[in-house]
Amino acid sequence: MDLTSFIRQLPKAELHVHIEGTLEPEMMFELALRNDIDLPFDSVDEIRRAYDFTNLQSFLDIYYQGAAVLVTEQDFYDLMLAYLERAHADGVVRAEIFFDPQTHTARGIDFSVFMDGFSRAIDDAAARWGISAGLIMCFLRHLPPEDAVATWYQAEPFIDQLLGVGLDSSEVGNPPEWFAEAFRLAREAGLHAVAHAAEEGPPVYITNAVDALKAERIDHGVRSEGDAGVIAMLVRTQIPLTMCPLSNVKLRVFDEIGDHNLKQLLDLGVMVTINSDDPAYFGGYVVANYLAAAEGLDLSREDLIHLARNSIEAAFMSDANKAVLFDELDAVAAE
Ligand code: ADE
Ligand code: ZN
């Protein structure tokens, strides 16, 4: 079996994908037309050419601009359903999906508009394709911590539709501990906690995300490498890293995929997983990320099975549901 087919058929969980980052240029155009919104681009090709990033901020500027075409409940439904269809085609059986409410509420869009659209699509995708999904609400760290707390209170009526909270956007200079209060409220309400850390920022942001936010997973964590204490903590606790290899190359964290440290960290015993982050902007969904890592880092098929296994282990699912997926993975791996 060729490598792509091998990767595709492994049952996998995707744990780090921003729904606004799955907005393909074709849909961006379609929604701009539908909602009578001016785009600063004349064609899909011109949009794709603009995706030449120098760092995280250069991407975020374009990503927030793109999200402005999302207005109605149907827009959020269409976006979510399109992602879940692609994820299902990639062998994703479980998706834990980020969204950025402040990007939408700042434009006057009510929480109920995007929550209803997302939830309706998740229900339809489960019925059509059997894929299971949950929503993780991210606080934007470039905005004041008080905004995060206010956003938490806006989200409270929708708590049954949420799996957890996360922290994203511009990392350097916006440390995790500033957001302790919003995370405390969410945890007290029974939600899971995750946080982006050490994507561009220092390894101490990982320690602080774990200590101050009680983060159960770290998104990215690539810059843990130089800090032996942080790595020892990750190995001891088995706190997962949700890594996104194509994202890190597109945003110039690494010059090329062959420089990525995921294989080193996997071999050291860190609970590494592979994910797509913002696939419409970074050149591929989850299979493309596994494939790039496999080819660039010379991963064996055992490594790929190990990574798929880690993704299920790191998911926020019951042990009984995980056991079913482990059995499916074992059956596929034995073929
Ligand atoms: N929001 C969307 N993608 C992100 C990333 N890679 N890092 C931080 N915030 C983000
Ligand atoms: Zn991310």
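Each remark here, short or long, concerns the structure printed above.
A quick note: this is a predicted structure, and the numbers were derived from the prediction, not measured.

**Q** Describe the overall build of the protein, listing the residues and the values that go with them.
**A** The secondary structure content of the protein amounts to 17 helices and eight strands. The globule rule puts the C-alpha radius of gyration for 335 residues at 20 Å, and the 19 Å found for the protein is close to it. With respect to the principal axes defined by its C-alpha atoms, the protein has extents near 50 × 45 × 40 Å. Scored against the burial criterion, the 335 residues of the protein give a buried share of 57%. Contacts in the protein between residues at least 24 apart in sequence constitute 75% of all its contacts with a sequence separation of at least 6. Surface exposure of the protein reaches about 12700 Å², of which carbon and sulfur atoms provide 51%. With 23 positive and 56 negative side-chain charges, the protein shows a separation of 2 Å between the mean positions of the two kinds.

**Q** Give me the lowdown on the site of ligand 1, citing residues and values where you can.
**A** In the neighbourhood of ligand 1, the contacting residues comprise H18, L56, F59, L60, Y63, D168, S169, H196, E199, H220, D277 and D278. Note that a nitrogen atom of ligand 1 is positioned 3.5 Å from one of the side-chain N or O atoms of H220. In isolation ligand 1 exposes 260 Å². Once the protein is present, 100% of that is buried. Among the elements that make up the shell around ligand 1, the one with the highest residue count is helix α4 (residues 56-66) (four residues). Per-class residue counts for the shell around ligand 1 are four nonpolar, four polar and four charged.

**Q** Any details on the pairing of strand β1 (residues 12-18)? Residues and values, ideally.
**A** Counting buried positions along β1 gives seven out of seven residues, so the element sits mostly inside the fold. Summarising the sheet, β1 and strand β2 (residues 92-99) pair through five bridges and their orientation is parallel. Along β2, the bridge assignment pairs H18 with F98.

**Q** Describe in detail the packing of helix α2 (residues 25-34) against helix α5 (residues 73-89), supporting the description with residues and values.
**A** Direction vectors running N to C along α2 and α5 enclose 170°, while the axes themselves pass 12 Å from each other. On the basis of the axis angle, α2 is roughly antiparallel to α5. α5 is crossed by α2, and the crossing has right-handed handedness. Contacts between α2 and α5 involve M27, L31 and R34 from the first element and Q74, D75, D78, L79 and A82 from the second. Here the contact of α2 with α5 is composed, by residue class, of four nonpolar, one polar and three charged.

**Q** Give me the packing of aromatic side chains: which residues, what numbers.
**A** Counted according to the given criterion, the structure contains 17 aromatic pairs. Measuring from ring centre to ring centre gives 5.4 Å for F53 and F59, while their planes differ by 80°; the resulting arrangement is edge-to-face. Among the aromatic residues, ring-to-ring pairing joins Y51, F53, F59, Y63, Y64, Y281 and F282 into one connected group. The residue whose ring lies beneath R120 is Y77, and the NZ or CZ to ring-centre distance is 4.0 Å. Sitting over the ring of F316, R217 keeps its end group 4.0 Å from the ring centre.

Conventions used here
All residue numbers here refer to positions counted from 1 along the written sequence of the relevant chain. To read the labels, note that chains go from A and ligands from 1, taken in the order they are written. Totals for whole chains, interfaces and linings use all residues, but because this is a predicted model, local features are given only for residues with pLDDT of at least 70 and pairs of side-chain atoms are given and counted only at 80 or more. In computing side-chain properties, one takes all heavy atoms of the structure into account and sets aside hydrogens as well as water. The helix count covers DSSP runs of H or I at least four residues long, the strand count covers runs of E at least two residues long, and both are numbered beginning at the N terminus. What the globule rule says is 2.2 Å times the number of residues to the power 0.38, and the radius of gyration is computed from C-alpha atoms. Burial classification: accessible surface area is computed with a 1.4 Å probe over protein chains only, and a residue below 20% of its type maximum counts as buried, one above 50% as exposed, and the rest as partly exposed. The contact criterion used throughout is that any non-hydrogen atoms of two residues lie within 4.5 Å. Using a 1.4 Å probe, accessible areas were evaluated by the Shrake-Rupley method; residue-level cover was limited to the displayed protein chains. Charge counting follows a simple rule: Lys and Arg are positive, Asp and Glu are negative, and His as well as the terminal groups are ignored. Every charge is mapped to an atom, namely NZ of Lys, CZ of Arg, CG of Asp or CD of Glu. One heavy atom suffices: a residue is near a molecule or strand as soon as one of its heavy atoms comes within 4 Å of it. Any pair of nitrogen or oxygen atoms within 3.5 Å is treated as a polar contact; in protein, a donor-acceptor pairing is required on top of that, and neighbouring residues in sequence qualify only through side-chain atoms on both sides. Ten residue types, Ala, Val, Leu, Ile, Met, Phe, Trp, Tyr, Cys and Pro, are classed as nonpolar, four, Asp, Glu, Lys and Arg, as charged, and the remainder, Gly among them, as polar. In this description, strands pair whenever DSSP reports at least two bridges between them. Under this scheme, a helix contributes an axis fitted over its contacting stretch, all axes are lines through C-alpha atoms, and angles between N-to-C directions fall in the 0 to 180 degree range. In what follows, roughly perpendicular refers to angles from 65 to 115 degrees, roughly parallel to angles under 35, roughly antiparallel to angles over 145, and oblique to any angle outside these ranges. Note: crossing handedness is left-handed where the near helix turns anticlockwise from the far helix by less than a right angle, and right-handed where it turns clockwise. Stacked, tilted and edge-to-face are the three classes assigned to paired rings of Phe, Tyr and Trp, where Trp is represented by its six-membered ring and a pair needs centres within 6.5 Å; plane angles under 30 degrees give stacked, over 60 edge-to-face, the rest tilted. Geometrically, a lysine NZ or arginine CZ counts as sitting over a ring once it is within 6 Å of the ring centre and also within 35 degrees of the ring normal.

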